[in-house]
Amino acid sequence: MTRAAGMSDQPVALEPVGKGNRAAILALKLAPDQQSFVASNAESLAEARQDDEAVPRAVVAAGRVVGFLMYSAPEDDDEAIIYRFMIDRREQGKGLGRAAVAKVLEEIARLSHISRVSICYEPGNEAARRLYASFGFIEQGLDEDDEMIAALELSR
Ligand SMILES: CC(C)(COP(=O)(O)OP(=O)(O)OC[C@H]1O[C@@H](n2cnc3c(N)ncnc32)[C@H](O)[C@@H]1OP(=O)(O)O)[C@@H](O)C(=O)NCCC(=O)NCCS
């Protein structure tokens, strides 16, 4: 797809999830044909409450919550896994997804015990495949749930 002129390189910030942004994260929506690509944000936030290793983040642009992602980076492992990622349907195609991936990779790269980042997506998810491949993620094959796993070695 072609990005609209002037919409690239939008600054985004990743913010911890809390009372101030939880409702906005729950209000984010995907197009109907995208809903099978990722668990709902309600499920992900519920999961994050139960899982100490889950790191949920609001994607914020121009002061508004535009997306959500979640990763884990266990201290006893050298691999981080980004396992939830979405940008609200009305905010897609503006470069925000790309900016959010760059930010989360920066955040993960600051964790000195991590040397590799994995990401998973449905094999038919062309937007995700192209986006992650452009950051150097290399497809590893399908996991036991038939999700594609792609990995990126961090250069240290
Ligand atoms: C994948 C997703 C996060 C991309 O967010 P976005 O803000 O629209 O992405 P960007 O505008 O930054 O585009 C980044 C790249 O993604 C790819 N892309 C985005 N939309 C695409 C589409 N409809 N078709 C093909 N490629 C697409 C392109 O490679 C694009 O780069 P380019 O504009 O230089 O060609 C968003 O489409 C989304 O939330 N999808 C539903 C949930 C999902 O699939 N999550 C990922 C798996 S967990």
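Just above sits the structure.
Residues numbered from 1 in each chain as written. Predicted model: local features only at pLDDT ≥ 70, side-chain atom pairs only at ≥ 80, totals over all residues. Heavy atoms only, no water.

**Regarding unusual backbone geometry**
Okay, so step 1: Positive phi outside glycine occurs at Ala62, with the angle close to 50 degrees.
Okay, so step 2: One can find Ala62 in the loop between strand E2 (54-61) and strand E3 (64-72).
Okay, so step 3: Classification of Ala62 as exposed rests on a relative accessible area of 74%. (Helix = DSSP H or I, 4+ residues; strand = E, 2+ residues; numbered from the N terminus. Buried < 20%, exposed > 50% of the residue type's maximum accessible area, 1.4 Å probe, protein only.)

**Here we look at the packing of aromatic side chains**
Aromatic ring pairs are reported here in terms of the distance separating the ring centres and the angle at which the planes meet.
Okay, so step 1: For the structure on display, the rule yields three aromatic pairs.
Okay, so step 2: Aromatic pair Phe85 and Tyr132: ring centres 6.5 Å apart, planes at 40 degrees, arrangement tilted. In this pair, Phe85 is assigned in strand E4 (residues 79-87) and Tyr132 in helix H4 (residues 126-134), connecting sequence segments 47 residues apart. For the pair shown, Phe85 and Tyr132 are each scored as buried.
Okay, so step 3: What makes Tyr132 buried here is its relative accessible area of 5%.
Okay, so step 4: Chaining the aromatic ring pairs together yields one cluster made of Phe85, Tyr121, Tyr132 and Phe137. (Phe/Tyr/Trp six-rings, centres within 6.5 Å; stacked < 30°, edge-to-face > 60°.)

**Details of the site of the ligand**
Okay, so step 1: The environment of the ligand is formed by 23 residues, the closest being Phe85, Gly93, Gly97, Arg98 and Asn125.
Okay, so step 2: Contact between the ligand and Lys94: an oxygen atom at 3.3 Å from a main-chain N or O atom of the residue.
Okay, so step 3: For the ligand, an oxygen atom lies 2.8 Å from a polar atom in the backbone of Gly97.
Okay, so step 4: Notes on the ligand: free accessible area 910 Å², of which the protein chains cover 87%.
Okay, so step 5: With respect to the detected pockets, the ligand is housed in the largest pocket. (Near = heavy atom within 4 Å. Polar contact = N/O pair within 3.5 Å; in protein donor to acceptor, adjacent residues only side chain to side chain. Areas by Shrake-Rupley, 256 points an atom, 1.4 Å probe, with all protein chains shown as cover. 1 Å grid on protein atoms, 1.4 Å probe; cavity = no way out; pocket = protein on both sides within 12 Å on 5 of 7 lines; lining within 4 Å. Sits in = over half its atoms within 2 Å of the grid points.)

**Digging into the pattern of salt bridges**
Okay, so step 1: In the structure shown here, the tally under the stated rule is eight salt bridges.
Okay, so step 2: A salt bridge links Glu107 to Arg57; its shortest N-O distance comes to 2.8 Å. Of this pair, Glu107 sits in helix H3 (residues 96-109) while Arg57 sits in strand E2, and the two are 50 residues apart along the sequence.
Okay, so step 3: Linking Arg116 and Glu79 is a salt bridge whose minimum nitrogen-to-oxygen distance equals 3.4 Å. Linking Arg116 in strand E5 (residues 116-121) with Glu79 in strand E4, this pair joins segments that are 37 residues apart in sequence.
Okay, so step 4: By sharing partners, the salt bridges in this structure join Arg64, Glu91 and Lys94 into a single network. (Salt bridge = Lys/Arg side-chain N within 4 Å of Asp/Glu carboxyl O.)

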